[in-house]
Amino acid sequence: MRGKLLIVGFGPGSVDHMTKRAREAIEESDVIIGYKTYIELVRDLTAGKEIISTGMTEEVSRAQAAVKWAERGKTVAVISSGDAGLYGMAGLVYEVLIEKGWTKDDPIEVEVIPGISAIHSCAALLGAPIMHDACTISLSDHLTPWELIEKRLEAAAAADFVIALYNPKSGRRTRQIVEAQRILLRHRAPETPVGLVKSAYRERQQIVLTDLAHMLDHEIGMLTTVIIGNSTTFVHDGLMITPRGYQRKYHLTAAVQPLKPHERLRKEAEPWALEQTKPLNGGPVLETGGEPETERPRVSLPSASLPLSASSAALPAAARQAKESGSAIPPVDRPMAAKEVAEDALAALTHRSMRPAPVLFEAAVSPGVANKQFTPEQLIVLAEVVGPDGKMTYTPDHYMKIERLTEDPARLTARLVAAGLTVMPVGEVLTVKACDFCDGEKKDAIPYAEELARRFGGMALPKELKLGVNGCGMACYGAVREDIGIVYRKGKFDLFLGGKTVGRNAHPGQLVAEGIPKEEIITVIADIIEHYKEYGHPNERFHKFFARVKQIGPFRHEEATAAAAVETAACGD
C-alpha cells in the first residue's frame, strides 16, 4: 500500500494566513495528527477524519503514529503551527522514517508544506524589524544544552543580527530569558528596540514594543516571540524598523539620486565590500577612514557611507547628535567578535571531552514476578546502585523504582541482575502485576505469569499498561481493576478488560470471557496487546482505547451505566 505523509505548517493560526496548499493537505488527509492546541486551530477542516491529538513532550509518539498510519496506506497530515521545518515536526518525522530504513524510493511519499513562521508573522505586526540579517534561537533547553544556546546568543549578539527568540519562557523555565537579556546587553545598547508578540493573528493577540533594558518588565510566555533589533533598528510611530542599508548609497527624499544606476555597483561606491577591504593577492585597500584591519578589534563604518540627507531617525544616537549640531558624523562602532566567537564555540565543541555525558537511569526493580520478598543482600546491592545522590521509591506496582545519574547504565543493570533481581524499564511500557500466589502455595498460574512478563514486560506501548495476574478466584491483588486482568480459576482463566484504577470514576474491567483454556491464554493476551500497540493513539489509556474501538478480537466493549453522575477530574482523565 502506498501511504502519504503531509507535514503541514499552517502558519500563525488564522485561516486567512494559511496557504491554499496547507488547507488542501488537511482536507485530503485521512488522519490528522498534532498537538492538542493546533488541532483546535484547524478544527473546521477535520470533520469526518481520524484525529490523534497529544500534549507537550509527545512529539516522538506523534511522528511514530504518523509513520504507522502511512504504512497502512493512509494519507496522514502532521500539523505544526508556523512552518513545519522551523522547530516543527518535519525533521522529526524524517528522523523516525530514517530509523526504519526509509528512502525516497519507498512506497511512503513525504511532502513538507511550508507555512508562515512566527518570526515573519510577528515581524509583520511590529513593522519591519527583520529587513536585514536575522536569526532564530530557541531558548528551550529541554533538548539542547544551555551551554550551546549561550554560545549561539553570544555569536548572534556580537555579529549584530536581529534576533528572534522562540520558546523564551514557560512555567518551569524562567531563568533562560533573564540570562539571554544579560548576554545581549554585553553587545547591545539598553535602548535597543525589542518587540514582544503573543499569539500573533489569534484571538488573544498581544503586541508590546519596549527595549532591551525593560523587556522583562512585560509578560513573556511560551506563546510569545521576542524580536530584538540590531544596532540600527529604530522605532517610529509605534513601528519597529531595521534599515536594509539603502541610506549608504541613496538619498531617500531626493528625486534624483547622486549615484547614477551605472555607478551604484562600482567599487568606489562600496568601500565596505569584501573586495575593497580584503583584496586578493595583496592588492591595495581602499581608504575607509578607519584603522587598518589588522590593528582594530571593531569595524568602523565610515561616515562617508551615510549620506547627509539620511533620516535622523535611522541613525544611531551619536551620529544623529553630530548631524544636528553640524559637526562630522563619527564612525559607527560595531562589535566584530562574531567570527572569533563562532570559532571559539566550534573549537569548544570539537575538542570537548569524549567522556560520555551522564544520563538519567530509571528502572523498575523487583525480586521477580511472583516473589515479593527482597533478601538483605539484594537490598544492599540496590542501595549501592542507587548511591547517595539517587532516589529509590516504593510503588504499588510490586517494584521499587530507582533513579540516578550515571555514565554507564549497562553496568548498573548488570549488577542488579547478578544479584537475582528483575530489572524492567519504566514509562509508557507494559508492567506485569502478579499476586504472590499465596506465597507459592497456589502455583499453577505462576508459569503463565512469568511467561507473560518475559514476553511482554517492558514493551513500549502508546501509554503505560498494567497486566494483572491473580492465581485464584479470590483475586485479592486486584487484577480485575487493571487495564488487562486475568484470574486463574478452576484450571482456566477469566479475562477482564478496561479497568480504571484511579479517579472518582474508577471501575473494574469488563468481564469479557470466562474459562479460557490455560494453553491459550498467552496467545489471547498477545493478540490484545498487539491490537493496542498497533491501533492505540499516542498517550491513549487502554480503557479509553477499548471504548473507542468497541471491539478487540472477539471481545466487545459494553458501556457501563453509572450509578450516579461523576464530575470529570480537573486533569481531564
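Predicted model only: the values in this text are computed from it and were never measured. (Residues numbered from 1 in each chain as written. Predicted model: local features only at pLDDT ≥ 70, side-chain atom pairs only at ≥ 80, totals over all residues. Heavy atoms only, no water.)

(A) Seen up close, a nonpolar patch on the surface. On the surface, Met 56, Met 222 and Leu 223 cluster together into a nonpolar patch covering about 280 Å² of accessible area. Residue placement: Met 222 occurs in the loop between strand E10 (206–211) and strand E11 (224–228). Met 222 gets classed as partly exposed once you look at its relative accessible area, which sits at 33%. (Patch = residues over 30% accessible without salt bridge, like charges linked within 9 Å, V, L, I, M, F, W, Y side chains within 5 Å. Areas by Shrake-Rupley, 256 points an atom, 1.4 Å probe, with all protein chains shown as cover. Salt bridge = Lys/Arg side-chain N within 4 Å of Asp/Glu carboxyl O. Helix = DSSP H or I, 4+ residues; strand = E, 2+ residues; numbered from the N terminus. Buried < 20%, exposed > 50% of the residue type's maximum accessible area, 1.4 Å probe, protein only.)

(B) Main features of the packing of helix H14 (residues 521–535) against helix H15 (residues 542–549). Between H14 and H15, whose axes approach to 11 Å, the crossing angle comes to 85 degrees. In terms of their interaxial angle, H14 and H15 are classed as roughly perpendicular. Taken together, the residues of H15 that come into contact with H14 (itself represented by Ile 528, His 531, Tyr 532 and Tyr 535) are Phe 542, Phe 545 and Arg 548. Residues of the contact of H14 with H15, tallied by class, amount to 5 nonpolar, 1 polar and 1 charged. (Axes fitted to C-alpha atoms, helices over the stretch in contact; angles between N-to-C directions. Parallel < 35°, antiparallel > 145°, perpendicular 65-115°, else oblique. Contact = heavy atoms within 4.5 Å. Nonpolar A, V, L, I, M, F, W, Y, C, P; charged D, E, K, R; others polar.)

(C) Fine view of the sheet that holds strand E21 (residues 465–470). Reading across the sheet, the 5 strands line up as E20-E21-E22-E23-E24 and stay open at both edges, with mixed pairing between neighbours. A strand with exactly one partner marks an edge of an open sheet, and here the two such strands are strand E20 (430–434) and strand E24 (510–517). Neighbour-to-neighbour, the strand axes of this sheet turn through a mean angle of 20 degrees, independent of strand direction. Strand contacts of helix H13 (residues 446–456): E20, E21, strand E22 (484–489) and strand E23 (492–497), with the helix running at about 165 degrees to E20, the strand carrying the most contacts. (Pairing = 2+ DSSP bridges.)

(D) Region of the structure containing the packing of aromatic side chains. For the coordinates displayed, the defined rule picks out 11 aromatic pairs. Residues Phe 10 and Tyr 38 carry aromatic rings whose centres are separated by 5.9 Å and whose planes lie at 75 degrees to one another, so their mutual orientation is edge-to-face. Of this pair, Phe 10 sits in the loop between strand E1 (4–9) and helix H1 (20–28) while Tyr 38 sits in helix H2 (residues 36–41), and the two are 28 residues apart along the sequence. For Phe 10, a relative accessible area of 0% translates into the label buried. Between Tyr 532 and Phe 542 the ring centres are 5.3 Å apart and the planes differ by 85 degrees, which places this aromatic pair in the edge-to-face class. In this pair, Tyr 532 is assigned in helix H14 and Phe 542 in helix H15, connecting sequence segments 10 residues apart. Accessibility classification places Tyr 532 together with Phe 542 in one group, the buried group. The ring centre of Trp 69 lies 4.5 Å from the NZ or CZ of Arg 72, which sits over that ring. (Phe/Tyr/Trp six-rings, centres within 6.5 Å; stacked < 30°, edge-to-face > 60°. Lys NZ or Arg CZ within 6 Å of the ring centre and 35° of its normal.)

(E) Up close: the pattern of salt bridges. Per the counting criterion, the structure on display carries 34 salt bridges. Here Lys 4 makes a salt bridge to Glu 109, at a shortest N to O gap of 3.9 Å. Highlighted residues: Lys 4 in strand E1 and Glu 109 in strand E5 (residues 109–113), separated in sequence by 105 residues. Residue Glu 109 is classed as partly exposed on the basis of its relative accessible area of 32%. A salt bridge links Arg 72 to Glu 534, with the nearest nitrogen and oxygen atoms 3.2 Å apart. Residue Arg 72 is found in the loop between helix H3 (59–71) and strand E4 (75–80), and its partner Glu 534 is found in helix H14; the two are separated by 462 residues along the sequence. Here Arg 72 falls in the buried class, since its relative accessible area comes to 15%. Each of Lys 4, Lys 20, Arg 21, Glu 24, Glu 28, Glu 109 and Glu 111 takes part in a single network of salt bridges with overlapping partners.

Geometry only, nothing functional implied.
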